[in-house]
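Chain by chain, the residues run as shown.
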Amino acid sequence: MNNMEASKFEKLRFVGSRPIRHDGLEKVTGQARYGADISFPQMLYGKILRSPYAHARIKSIDFSRALALEGVQAVVTSSDFPKPWLTDETGIDSKLINIKFSSNNVLAGEKVLYKGHAVAGVAASNAYIAEKALDLIDVSYEILPPILDVMQAIKVNAGIIHEGMFPYPESGLIASEFNSSLISNSTLDMSNHHQGDDSKYSNIAGYYIQEIGDIDKGFMDADVVVEREYNTGSVHQGYIEPHSATAIWNRDGKVTIWCSSQGHFGMRDQTAEVVGIPASDIKVIPMEIGGGFGGKTTVYLEPVVAMLSKKTGRPVKITMTRQEVFEGTGPTLGSYMKVKIGATKDGMITAAQALLAYEAGAFPGSPVNMGAQCIFAPYDIPNGKVEGFDILVNKPKVAAYRAPGAPAAAFAGETVIDELSCKLNIDPLLFRLKNSAKEGTRRISGPVFPRIGFLETVEASRIHPHYLSDFGGPNRGRGVAAGFWFNGSGPSSVIVNANADGTVSLIEGSPDIGGTRVAVAMHVAEVLGIPIADVHPSIGDTDSIGFTSMTGGSSVAFKTGWAAYQAAQDLKAQMIERASDIWDVEAGEVNLKDGKFNHSTNQDLQMDFKELAGMLNATGGPIVGRAAINPGGAGAAISVHIVDVEVDPETGKLTILRYTVVQDVGKAIHPDYVEGQMQGGAVQGIGWALNEEYIFDKEGVIKNPTFLDYRMPTSLDLPMIDTHIVEVNNPGHPYGVRGVGEVPIVPPMAAIANAINSAVGIRMNTLPMSPPVLLEALWANNGAGKVYGD
């Protein structure tokens with residue numbers, strides 16, 4: 001921090017402290033209520049029939065035998081949902097196509113597009129009958145060949161997942177010539193794509209390009225150029241709580257839904273679109289959430305339970321099994337990437353180019369645009385070009401996962417950065433420091449950076465005891481990597497009520513998935529000068545608080561913290577006005593400091609917050625502070641990770657010996673939870689790097705759809721994750737906050753890959769780098785410096 005920033009932060013009384021979280025006792029004692037904990041009299045239990053095929057046309061659905069089973073009350077299919085996208089003139093209204101995609105993902109329409117795709121929902125008197133009824137639903141399928149990866153999706157004469165939907169882009173626009181034999185001969189050169197009857201349609205749902213400078217001149221100016229190809233697989237977010245939703249469709253047409261999600265306003269609005277009623281007719285009551293990490297931002301069950309309740313007139317609940325979570329909800333993306341970077345012999349980057357082809361799953365919407373924004377963002381690059389492709393495949397529609405799109409991109413970009421520094425014999429952190437983005441740097445994607453802390457973060461990493469320590473020993477190595485996330489914002493609403501006992505009720509609209517209740521409450525405590533324990537936060541339902549965008553993008557401490565700050569300022573101003581009325585003085589003469597109201601000149605006129613709060617009802621009525629904002633200036637996040645590893649050349653097993661996360665957090669509102677986010681993101685990234693992947697067979701069936709077979713790291717696999725907080729004030733927030741939850745998952749894969757090269761001289765370019773993969777690479781490596789997969 002500079003001196004001005006330090007002096008600003010030193011004035012804070014509560015922000016920066018480490019209070020106990022408000023919801024901790026309820027959660028550790030089992031009193032907190034999650035989505036599956038809801039129960040009502042006469043409640044029905046639902047189950048979902050899912051497709052056994054990854055790609056098939058639905059010829060017919062006959063559920064008469066299921067309805068005849070005693071205890072079955074209703075069956076729903078996609079035919080029960082309205083279809084506003086259909087028109088008489090053109091068939092499909094393109095402006096409403098996203099509603100079609102959302103509806104068809106909830107319950108399949110003309111085709112099933114991945115194994116586990118929901119086909120029908122059943123409601124019965126108990127879960128056992130509902131499960132039995134699924135076997136009595138007769139579905140006739142025309143089985144089609146599945147398309148399971150990017151390369152297959154773009155092949156000549158590949159099948160089309162959405163027929164007649166996505167016109168093939170002009171080949172002149174798409175062709176990606178990297179001026180090198182490796183890139184120009186890419187199989188992503190699609191000039192001959194689909195030369196049959198369907199030649200004008202494709203599985204390319206989107207294309208993005210970002211450019212700055214003169215890319216050809218930049219590579220001509222380079223003394224050293226490195227270019228590589230990369231592949232990554234689908235990965236699960238790893239949340240523990242399965243999806244669950246309960247709905248009551250009342251006789252007046254109003255619907256109430258209980259669910260665990262990262263944004264109950266989003267659940268309301270998406271459900272309204274699918275079932276075809278106004279959003280104001282739906283109330284969503286948020287339950288506690290047992291993990292999400294981006295995977296609980298879209299509807300899967302909510303429209304189904306709503307429609308089943310409408311048909312039966314009774315409450316209906318559906319809770320997924322773990323296998324259903326894996327097969328029927330969104331993982332993060334699989335990808336194919338190419339990266340090329342050039343630099344001068346003194347270590348200055350002259351040009352950088354990337355091609356990112358991300359799997360979207362069965363419906364459009366991979367985070368390729370975000371990956372494209374992030375891949376080179378930590379660096380000041382004069383000449384750059386990034387192309388992104390959103391590719392349809394017969395897998396579950398991808399969902400967000402912590403900094404969506406950025407980790408895969410960083411795996412590619414940061415390993416090339418490391419290889420460049422090695423070829424130039426420059427320390428990898430010094431190389432990053434020489435090329436660091438800073439205030440005023442224009443990103444390839446266009447925006448100019450305001451105050452950011454990459455320089456400070458790299459410098460802190462260079463002098464960290466971990467980086468200065470010895471990691472010696474055979475087959476041991478050290479790797480570093482940087483990561484970037486732009487951080488999000490969005491609409492947020494907060495209400496604060498002054499209670500007669502001197503406490504404050506805080507109602508917010510952001511579900512708490514990472515300790516944000518206490519972080520938001522700390523904003524209020526700081527403004528009012530009252531103990532944090534006297535601020536009582538709660539998450540309001542969609543009828544009790546104004547619209548608030550989802551908990552995601554590392555946005556809540558920023559946007560909802562700021563809304564709480566403004567609501568507390570509103571409450572403060574009204575209470576100062578009330579004190580001035582009681583004392584019969586001007587409001588401008590009254591101050592609130594450290595929880596006490598006092599007159600600027602008359603020391604006899606003073607009272608604490610609790611005393612005035614107790615007088616409110618008798619002196620004019622209650623006081624409520626409000627704020628509804630949509631703030632800009634979220635402030636980008638930068639992180640550098642340092643990792644030491646040891647590779648067993650006999651088995652391919654990799655051991656993490658030491659791991660350090662260095663991150664610019666702006667201002668750590670609650671350092672414990674900031675450190676927890678840094679550690680949690682790193683651990684998830686380590687799992688992604690070493691073990692985690694969806695394993696599909698050639699028919700598109702997931703072979704490891706449980707946590708027994710889907711290998712996530714445990715405490716036994718890891719050392720303590722060290723953290724070092726860097727605080728570079730974000731000028732876009734009253735307390736300097738930057739989001740912290742996303743960026744720590746971005747560097748681990750690249751850092752570990754770079755450490756493997758340091759240890760055994762192999763450049764890995766696939767994820768995960770599991771023992772079998774690493775062992776095969778060791779066997780294939782007849783000389784140091786090879787790239788596995790070339």
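Residues numbered from 1 in each chain as written. Predicted model: local features only at pLDDT ≥ 70, side-chain atom pairs only at ≥ 80, totals over all residues. Heavy atoms only, no water.

Considering the packing of aromatic side chains
Here comes step 1: Under the criterion given, the structure shown has 19 aromatic pairs.
Here comes step 2: Here the aromatic rings of F40 and W258 are separated by 4.8 Å at their centres, their planes lie at 55°, and the arrangement is tilted. You can see F40 sitting in the loop between α2 (24-28) and β1 (44-50) and its partner W258 sitting in strand β12 (residues 255-259), a full 218 residues away along the chain.
Here comes step 3: By relative accessible area, F40 is classed as partly exposed at 25%.
Here comes step 4: For W258, a relative accessible area of 11% puts it in the buried group.
Here comes step 5: Both rings, one in F326 and one in Y694, keep their centres 5.6 Å apart while their planes meet at 40°; by these two values the pair is tilted. Note that F326 is positioned in helix α12 (residues 322-328) and Y694 in the loop between α21 (671-690) and β28 (721-726), a separation of 368 residues in sequence.
Here comes step 6: Judged by its relative accessible area of 0%, F326 is buried.
Here comes step 7: Take Y694: its relative accessible area is 5%, and that puts it in the buried class. (Phe/Tyr/Trp six-rings, centres within 6.5 Å; stacked < 30°, edge-to-face > 60°. Helix = DSSP H or I, 4+ residues; strand = E, 2+ residues; numbered from the N terminus. Buried < 20%, exposed > 50% of the residue type's maximum accessible area, 1.4 Å probe, protein only.)

So, the side chain of T503
Here comes step 1: Tracing the chain through its elements places T503 in the loop between β19 (492-498) and β20 (504-508).
Here comes step 2: Engagement of the side chain of T503 in a polar contact is seen with the side chain of D501, the distance being 2.6 Å.
Here comes step 3: With near-sequence residues (within four places) excluded, T503 lies in contact with N497, A498, D534 and H536. (Polar contact = N/O pair within 3.5 Å; in protein donor to acceptor, adjacent residues only side chain to side chain. Contact = heavy atoms within 4.5 Å.)

Quick word on unusual backbone geometry
Here comes step 1: Look at the link from L767 to P768: it is a cis peptide, with omega at 0°.
Here comes step 2: Turning to its location among the elements, P768 is positioned in the loop between β29 (762-764) and α23 (771-780).
Here comes step 3: Non-glycine residue N475 carries a positive phi angle of around 60°.
Here comes step 4: By the secondary structure assignment, N475 is in the loop between α17 (465-468) and β18 (476-485).
Here comes step 5: Despite not being glycine, S554 shows a phi value in the positive range, around 55°.
Here comes step 6: Mapped onto the elements, S554 comes out in the loop between β21 (535-539) and α19 (556-583).

Topic: the domain arrangement of the chain
Here comes step 1: Assigned domains within the chain: domain 1 (12-29 + 489-629), domain 2 (44-144 + 243-319) and domain 3 (331-487 + 635-782).
Here comes step 2: Computed over C-alpha atoms only, the centres of domain 1 and domain 2 are separated by 40 Å.
Here comes step 3: On the domain 2 side, the residues contacting the 17 residues of domain 1 number 15 residues.
Here comes step 4: Of the roughly 1300 Å² buried between domain 1 and domain 2 on both sides combined, carbon and sulfur atoms contribute 61%.
Here comes step 5: Summed over the shared surface of domain 1 and domain 2, the result is 2 salt bridges.
Here comes step 6: Here E288 makes a salt bridge to R517, at a shortest N to O gap of 2.7 Å.
Here comes step 7: At the junction of domain 1 and domain 2, the tally comes to 5 residue pairs in polar contact (both at pLDDT 80 or more). (Domains from an automatic or database assignment. Buried area = accessible area lost by both parts, 1.4 Å probe. Salt bridge = Lys/Arg side-chain N within 4 Å of Asp/Glu carboxyl O.)

A closer look at the packing of helix α10 (residues 264-275) against helix α11 (residues 302-312)
Relative orientation and spacing of two packed helices are given, respectively, by the angle between their axes and the distance between those axes.
Here comes step 1: Interhelical geometry of α10 versus α11 gives an angle of 55° and a closest axis separation of 9 Å. Considering the angle they form, α10 stands oblique to α11. Every pair of crossing elements has a handedness; the one defined by α10 and α11 is right-handed. Along the contact surface, α10 presents M267, T271, V274 and V275, while α11 presents E302, P303, A306 and M307.
Here comes step 2: Considered class by class, the residues forming the contact of α10 with α11 number 6 nonpolar, 1 polar and 1 charged. (Axes fitted to C-alpha atoms, helices over the stretch in contact; angles between N-to-C directions. Parallel < 35°, antiparallel > 145°, perpendicular 65-115°, else oblique. Left-handed = near helix turned anticlockwise from the far one by under 90°. Nonpolar A, V, L, I, M, F, W, Y, C, P; charged D, E, K, R; others polar.)

Some thoughts on a negative patch on the surface
Here comes step 1: Negative charge collects at one region of the surface, where E577, D581, D584 and E586 lie side by side.
Here comes step 2: The topology assignment puts D584 in the loop between α19 and β22 (590-593).
Here comes step 3: When its relative accessible area of 70% is taken as the criterion, D584 is described as exposed. (Patch = residues over 30% accessible without salt bridge, like charges linked within 9 Å, V, L, I, M, F, W, Y side chains within 5 Å. Areas by Shrake-Rupley, 256 points an atom, 1.4 Å probe, with all protein chains shown as cover. Lys, Arg positive; Asp, Glu negative; His and termini not counted. Charge placed at Lys NZ, Arg CZ, Asp CG, Glu CD.)

With respect to the environment of M267
Here comes step 1: With respect to the helices and strands, the residue M267 is situated in helix α10.
Here comes step 2: Given the relative accessible area of 2%, M267 is considered buried.
Here comes step 3: A C-alpha to C-alpha distance of 30 Å links M267 and L356, two positions 89 residues apart in sequence.
Here comes step 4: If near-sequence neighbours (up to four positions away) are discounted, M267 is found in contact with C259, S261, V284, K296, T297, T298, V299 and E302.

Considering the pairing of strand β7 (residues 118-124)
Regular strands place side chains that alternate from one sheet face to the opposite one.
Here comes step 1: Counting buried residues along β7, 7 of its 7 residues qualify, which places the element largely inside the surrounding structure.
Here comes step 2: Note: strand β3 (residues 72-76) against β7, 4 bridges, orientation antiparallel. Directly across from A74, in β7, lies its bridge partner A123. (Pairing = 2+ DSSP bridges.)

Quick word on the nonpolar core
Soluble globular proteins tend to pack their nonpolar side chains together in the buried interior.
Here comes step 1: Among the nonpolar cores identified, the biggest contains 101 residues, and I341, L356, F376, L654, I656 and I752 are the most heavily contacted of them.
Here comes step 2: Beyond its immediate stretch of four places on either side in the chain, I752 contacts V643, L654, I656, I686, A689, L690 and M769.
Here comes step 3: In terms of nonpolar packing, the next biggest core, distinct from the first, is built from 48 residues, V524, V556, A567 and M575 among them. (Core = buried A, V, L, I, M, F, W, Y, C linked by side-chain atoms within 4.5 Å.)

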